[in-house]
Every structure is written in structure tokens, then in C-alpha cells.
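Single-letter residue listing:
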Amino acid sequence: MKDRIDSIIKLLPPRTKLVAVSKYHSSDKILQAYNLGQRIFAESRPQELKQKLEALPKDIQWHFIGHLQSNKLKMVLPYVSLIHSVDSVKLLDNIASWAHSNEKQINILLQLHIAQEESKQGFTEEELYSLLEIIQFHDRYKYINIQGLMSMATNTDDTNIIEQEFARIEAIFEDIKERYSDKLPNFKELSIGMSNDFLIAIRHGATLVRVGTMIFGERDY
């Protein structure tokens, strides 16, 4: 595992952090990566996150990257440092309500839907801009810290398609960062790129790359 992590780290520019996607992998594997210096891990199922929280070192930075159901918020929000996958106004409002009730700031990324697959979730470009116009003036979101965007490219072997989609995501990200610099001062994170396309993502401004298989191998369960 050390060689795999080292080989990935060497490819990352200073601005880009490695998020080790640990979902479906054992706590033993996560601890092995932790002992090699990795500190950011990502989960997608609340129950699995809970089990690992209890078993692993407390200074791990947990990210949540799965579709988050509103009835599972209390299993996730108190414990993660960043939610990548805020994909609807309903979810955002439920997070905002929980955050307000608990007086806890929640760091999120808004999920942008660019890929060709309709099954993938997230805001369209138009929905995203409409939401940002509302958010900047609404007090209900005062405990929500929007730190950037997350997105996924189309699942394809055609690197030209992936390149085009990441370029479009990067353009939207940079436009939002400039347009809302006063209202969203912490809008600095772009979470794109996984094991099969993170090198392309790096060329298009990724600050977080989500890599699992290249680190841990095939999933344990």
C-alpha cells in the first residue's frame, strides 16, 4: 500500500489533497493507510461510517461522499469535516435546519451534474446558479459553509469526453468563485477525479481527488 499511496502523492500538485475512498474497505486497511500518513478518508454509508468512527483514530478527517438521506443526518453531520454530495435543495435545507438547531457549522460541497448518465445526481448548471442567488441572501443558511463543488464525469473510456466535462466543471467553478467572492469567501474546493480519471482532473483544477481502488484494491465487502 505504501508504494501505491506514494505513487499517487507524487502526481499531485501542492493545491491538491488526496481523499482516500475507504467505503467497503475494512478498518484494518484504513489503519494501514493512516499509519502511512494518510489522514483524509471518505465514506458513503452512515452505518459504516459510525462503525469506523468508533474503531479508528480520532484525528482522521472523515468526508462523506454518498447520497445522504435526510433521516440519517444525525449519524453523519456531527462527525464529518466535509460533505461532498449535497445534491438537492431539500437536502441542503434539511442540513441547514439541523445545523441551526445544533448551532454547528457544516462544511459542504454542492454536487454539480455534468455527466451524460441521468442516474447521477446533483444540480444542473442553471439550478446551481439559481440556488446561489438565493443562498447569499437567506439567513437560514448561516451555519452552512459552502466550500466548493463536487462532480463526476461520465463513466466512459473516451478521455476526450472526460476532458471536456472536467473543463466545463472547472469553468463553472472559477466563475462562481469570482462572481460570489464576497458572499462565499471559502469557495475554494473542487472535488473531481477518481482512480480512473484523477490525472485529467488535476489538469482542470481539482483540489480534492477521490481515490479508492488504486489505494486499497478491490473492496472487501
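Residues numbered from 1 in each chain as written. Predicted model: local features only at pLDDT ≥ 70, side-chain atom pairs only at ≥ 80, totals over all residues. Heavy atoms only, no water.

### A closer look at the overall build of the protein
Reasoning step 1: Broken down by element type, the protein carries 9 helices and 8 strands.
Reasoning step 2: In terms of C-alpha radius of gyration, the protein reaches 17 Å, essentially the compact-globule figure of 17 Å for 221 residues.
Reasoning step 3: Across the 221 residues in the protein, those meeting the buried criterion constitute 50%.
Reasoning step 4: Within the protein, contacts between residues at least 6 apart in sequence are counted, and of these 60% link residues at least 24 apart.
Reasoning step 5: For the protein, the computed accessible surface area is about 10,900 Å², with 47% contributed by carbon and sulfur atoms.
Reasoning step 6: The average position of the 27 basic charges and that of the 30 acidic charges among the side chains of the protein differ by 7 Å. (Helix = DSSP H or I, 4+ residues; strand = E, 2+ residues; numbered from the N terminus. Rg over C-alpha atoms; globule rule 2.2 N^0.38 Å. Buried < 20%, exposed > 50% of the residue type's maximum accessible area, 1.4 Å probe, protein only. Contact = heavy atoms within 4.5 Å. Areas by Shrake-Rupley, 256 points an atom, 1.4 Å probe, with all protein chains shown as cover. Lys, Arg positive; Asp, Glu negative; His and termini not counted. Charge placed at Lys NZ, Arg CZ, Asp CG, Glu CD.)

### Some words on the packing of helix α6 (residues 125-135) against helix α7 (residues 159-179)
Reasoning step 1: Where α6 contacts α7, the axes come no closer than 12 Å and their chain directions differ by 15 degrees. One way to sum up the angle between α6 and α7 is to call them roughly parallel. The two elements α6 and α7 cross, and the hand of that crossing is right-handed. Taking contact as the criterion, the partners of Glu 125, Leu 128, Tyr 129 and Leu 132 in α6 are, on α7, Arg 168, Ile 172, Asp 175, Ile 176 and Arg 179.
Reasoning step 2: Counted by class, the contact of α6 with α7 contains 5 nonpolar, no polar and 4 charged residues. (Axes fitted to C-alpha atoms, helices over the stretch in contact; angles between N-to-C directions. Parallel < 35°, antiparallel > 145°, perpendicular 65-115°, else oblique. Left-handed = near helix turned anticlockwise from the far one by under 90°. Nonpolar A, V, L, I, M, F, W, Y, C, P; charged D, E, K, R; others polar.)

### Focus on the nonpolar core
Reasoning step 1: Ranked by size, the top nonpolar core spans 64 residues in total, and within it Ile 83, Leu 110, Leu 149 and Ile 176 carry the most contacts.
Reasoning step 2: With sequence-adjacent residues up to four places away left out, Leu 110 is seen in contact with Val 86, Phe 123, Leu 128, Leu 131, Leu 132, Ile 146, Gly 148, Leu 149 and Met 150. (Core = buried A, V, L, I, M, F, W, Y, C linked by side-chain atoms within 4.5 Å.)

### A few points about the side chain of Asp 87
Reasoning step 1: One can find Asp 87 in the loop between β4 (82-86) and α5 (89-102).
Reasoning step 2: Nearest to the buried, unbridged Asp 87 among oppositely charged side chains is Lys 90, at 10 Å.
Reasoning step 3: Polar contacts involving the side chain of Asp 87 include one to the side chain of His 67, which spans 2.9 Å.
Reasoning step 4: If sequence neighbours within four positions are ignored, Asp 87 has contacts with His 67, Gln 111, Gln 121, Gly 122 and Phe 123. (Salt bridge = Lys/Arg side-chain N within 4 Å of Asp/Glu carboxyl O. Polar contact = N/O pair within 3.5 Å; in protein donor to acceptor, adjacent residues only side chain to side chain.)

### Concerning the pattern of salt bridges
Reasoning step 1: Summed over the entire model, instances satisfying the criterion amount to 14 salt bridges.
Reasoning step 2: Between Lys 17 and Glu 189 there is a salt bridge; the shortest N-O distance is 3.3 Å. Taken together, the residues span a long stretch of sequence, with Lys 17 in strand β1 (residues 17-21) and Glu 189 in strand β7 (residues 189-191) at a distance of 172 residues.
Reasoning step 3: According to the relative accessible area criterion, Lys 17 is partly exposed, its value standing at 33%.
Reasoning step 4: Judged by relative accessible area, Glu 189 falls into the buried class, the value being 16%.

### Side note on unusual backbone geometry
Reasoning step 1: Here the phi dihedral of Tyr 24 falls at roughly 70 degrees; this positive angle occurs in a residue that is not glycine.
Reasoning step 2: Of note, Tyr 24 is situated in the loop between β1 and α2 (27-35).
Reasoning step 3: Phi is positive for Glu 103, close to 50 degrees, though the residue is something other than glycine.
Reasoning step 4: In this fold, Glu 103 is placed in the loop between α5 and β5 (106-112).
Reasoning step 5: Given the relative accessible area of 62%, Glu 103 is considered exposed.

### With respect to the side chain of His 84
Reasoning step 1: Looking at the element boundaries, His 84 is found in strand β4.
Reasoning step 2: One polar contact links His 84 to His 63, side chain to side chain, over a distance of 2.8 Å.
Reasoning step 3: A distance of 2.9 Å separates the side chain of His 84 from the side chain of Ser 191, its partner in a polar contact.
Reasoning step 4: Residues in contact with His 84, not counting those within four places in the same chain, are His 63, Phe 64, Ile 65, Leu 109, Gln 111, Met 150, Ser 191, Leu 208 and Arg 210.

### So, the environment of Leu 190
Reasoning step 1: Along the chain, Leu 190 falls in strand β7.
Reasoning step 2: Sequence separation between Leu 190 and Gln 147 is 43 residues; the distance between their C-alpha atoms is 8.5 Å.
Reasoning step 3: Ignoring sequence-local partners within four residues, the contact set of Leu 190 consists of Leu 149, Ile 169, Glu 170, Phe 173, His 204, Gly 205, Ala 206, Thr 207 and Leu 208.

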